[in-house]
Amino acid sequence: MSMADRDGVIWLDGEMVPWRDAKVHVLTHTLHYGLGVFEGVRAYETADGPAIFRLEEHTARLLNSAKILGMKIPFDAETINAACLAAVKENKLESAYLRPMAFYGSEGMGLRADNLQVHLMVAAWTWGAYLGGDYAKGIRIRTSSYTRHHVNSAMCRAKANGHYFNSMLALSEALRDGYDEALLLDVDGYVAEGSGENIFYVQDGALYTPDLRSALDGITRKTIMQFCDDLGIEVFEKRVTRDDLYIADEVFFTGTAAEVTPIGEIDGRAIGDGMRGPVTEVLQSLYFRTVKGQEDKYAHWLSAV
């Protein structure tokens, strides 16, 4: 089914509009130049109804991304949070993927346009597992020929629309060659992240992850690091090399879409037995219990719809 041809409603600039009527002009500025910011957010089914996971943190990152890029979003965090909750409720979804996005409209054209308005939309729909759905079997990834942007040219802390053409090129290359996902290096040759995920590896019971020089400050990444702190698992942020991953005991991706996905092969080299390792299993299980409302300790991360 086309994403444009669906029943339901989408929140656009302060009001709910019918899904098929949520349209913009072909001369929308962000469509041409890529300057916009967005979030990927999930709502999960719980025993008390649907709840959005870490909504406030996602909204805060959206506003920070806009600030980094000099965009003035005409809605505050409270309004955006309410829009996300309403998008799930009014579409009658038990679980959902949400896409808030701020973009420049069609008020002007060209790089020098100075009359542009910032528009905001929030859509929600049912979207299952992003990387296959087998949370025990490791996926196959390959190092991409494409690299992550330089930190001073692309503002890596912003979750910006235009950044993701790089991700699409890397992922398309990996899929074409028979892999499930891509691994991107930074401009200095160190591991950055996947096309849309942060990466962790386990060595001798400790967890390691690339620092944030060229990787997004992922909210699921932060969640895993908080779990580790609570469980007494050491976590180190460092510059990671490919051979660190090749000899790791376990490797996994994290992300709102990918959730916690084990990696079983990198560049033709098997990681363990190709299945989810014990540390990954502990963290993955805790993650899913948390987002489904089964862990009282982390209940404050859930916003009931």
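Residues numbered from 1 in each chain as written. Predicted model: local features only at pLDDT ≥ 70, side-chain atom pairs only at ≥ 80, totals over all residues. Heavy atoms only, no water.

A. Fine view of the overall build of the protein chain. The helix and strand tally for the protein chain stands at 8 helices and 17 strands. A compact globule built from 305 residues should have a C-alpha radius of gyration of about 19 Å, and the protein chain, at 19 Å, falls within 12% of that. Oriented by its inertia axes, the alpha-carbon framework of the protein chain measures out at about 55 × 45 × 35 Å. Taking all 305 residues of the protein chain together, the buried fraction comes to 54%. Contacts in the protein chain between residues far apart in sequence, at least 24 positions, make up 69% of those at least 6 positions apart. Carbon together with sulfur atoms contributes 50% to the accessible area of the protein chain, which is approximately 14300 Å² in total. Where the 30 positive side-chain charges of the protein chain centre and where its 43 negative ones centre are 4 Å apart. (Helix = DSSP H or I, 4+ residues; strand = E, 2+ residues; numbered from the N terminus. Rg over C-alpha atoms; globule rule 2.2 N^0.38 Å. Buried < 20%, exposed > 50% of the residue type's maximum accessible area, 1.4 Å probe, protein only. Contact = heavy atoms within 4.5 Å. Areas by Shrake-Rupley, 256 points an atom, 1.4 Å probe, with all protein chains shown as cover. Lys, Arg positive; Asp, Glu negative; His and termini not counted. Charge placed at Lys NZ, Arg CZ, Asp CG, Glu CD.)

B. Inspection of a nonpolar patch on the surface at higher detail. Taken together, the side chains of V26, L27, L31, Y33, M109 and L111 define a hydrophobic patch exposed on the protein surface, amounting to about 650 Å² of accessible area. For Y33, the position within the fold is in helix α1 (residues 29-33). (Patch = residues over 30% accessible without salt bridge, like charges linked within 9 Å, V, L, I, M, F, W, Y side chains within 5 Å. Salt bridge = Lys/Arg side-chain N within 4 Å of Asp/Glu carboxyl O.)

C. The arrangement of the pattern of salt bridges in detail. Going through the model one piece at a time under the given rule, you end up with 19 salt bridges. Between R213 and D211 there is a salt bridge, with its nearest N and O atoms 2.7 Å apart. Taking relative accessible area as the criterion, R213 reaches 43% and is therefore assigned partly exposed. When the shortest N-O distance is used, the salt bridge between D244 and K238 registers 3.1 Å.

D. Structural detail: the packing of helix α2 (residues 55-69) against helix α3 (residues 77-90). Interaxial distance between α2 and α3 falls to 10 Å at its minimum, and their mutual angle equals 125°. Taken together, the axes of α2 and α3 lie oblique to each other. Relative to α3, the crossing made by α2 is right-handed. Taken together, the residues of α3 that come into contact with α2 (itself represented by L55, E56, T59, L62 and L63) are A77, I80, N81, C84 and L85. Of the residues in the contact of α2 with α3, the class split is 7 nonpolar, 2 polar and 1 charged. (Axes fitted to C-alpha atoms, helices over the stretch in contact; angles between N-to-C directions. Parallel < 35°, antiparallel > 145°, perpendicular 65-115°, else oblique. Left-handed = near helix turned anticlockwise from the far one by under 90°. Nonpolar A, V, L, I, M, F, W, Y, C, P; charged D, E, K, R; others polar.)

E. Molecular detail of α2. Spanning 15 residues, α2 covers 21 Å between terminal C-alpha atoms, matching the ideal 21 Å at 1.5 Å per step. Burial in α2 covers these residues: L55, H58, T59, R61, L62, S65, A66 and L69. Looking straight down α2, one finds that the buried residues subtend no more than 160° of arc, so they occupy a single side. Opposite its buried face, α2 presents the exposed residues E56 and K67, each directed more than 90 degrees away. Of the residues one or two after α2, G70 is the one with positive phi, at around 80°. (Expected span 1.5 Å × (residues − 1). Arc of directions from axis to C-beta.)

F. Examining the nonpolar core more closely. Core analysis: the biggest nonpolar cluster contains 28 residues, and I52, M71, I73, V88, L98 and L120 have the highest contact counts within it. Broken down by secondary-structure element, the contributors of at least two residues to this core are β4 (41-46), α2, α3, β6 (96-104) and β7 (118-125). Residue contributions to this core peak at 5 residues, all from α3. Excluding anything up to four places from it in sequence, I52 contacts V41, R42, A43, C84, L85, V88, L98, W301, L302, S303 and V305. Core analysis: the next-biggest nonpolar cluster, separate from the first, contains 22 residues, Y44, F227, V260 and Y287 among them. (Core = buried A, V, L, I, M, F, W, Y, C linked by side-chain atoms within 4.5 Å.)

G. View of the environment of V41. Structurally, the position occupied by V41 is in strand β4. Taking C-alpha positions, V41 is 21 Å from K297, a pair spaced 256 residues apart along the chain. For V41, the contacting residues outside a window of four places in its chain are I52, F53, H58, A96, Y97, L98, P100 and T256.

H. Layout of the environment of Y33. The exposure class assigned to Y33 is partly exposed, which follows from its relative accessible area of 38%. In this structure, the C-alpha to C-alpha distance between Y33 and F252, residues 219 residues apart in sequence, is 33 Å. In terms of polar contacts, Y33 uses its side chain to reach the backbone amide nitrogen of G110, at 3.4 Å. (Polar contact = N/O pair within 3.5 Å; in protein donor to acceptor, adjacent residues only side chain to side chain.)

I. Broad picture of the pairing of β7. Within β7, 8 of the 8 residues are buried, which leaves it mostly tucked inside the rest of the structure. Of the two faces of β7, both are covered, the one formed by V118, L120, V122 and A124 as well as the one formed by H119, M121, A123 and W125. Of the strand pairs in this sheet, strand β1 (residues 9-12) and β7 are connected by 2 bridges, and their pairing is antiparallel. Paired with L12 across the bridge in β7 is M121. Pairing geometry for β6 and β7, over 8 bridges, is antiparallel. Bridging from a neighbouring strand, F103 pairs with H119 of β7. (Pairing = 2+ DSSP bridges.)

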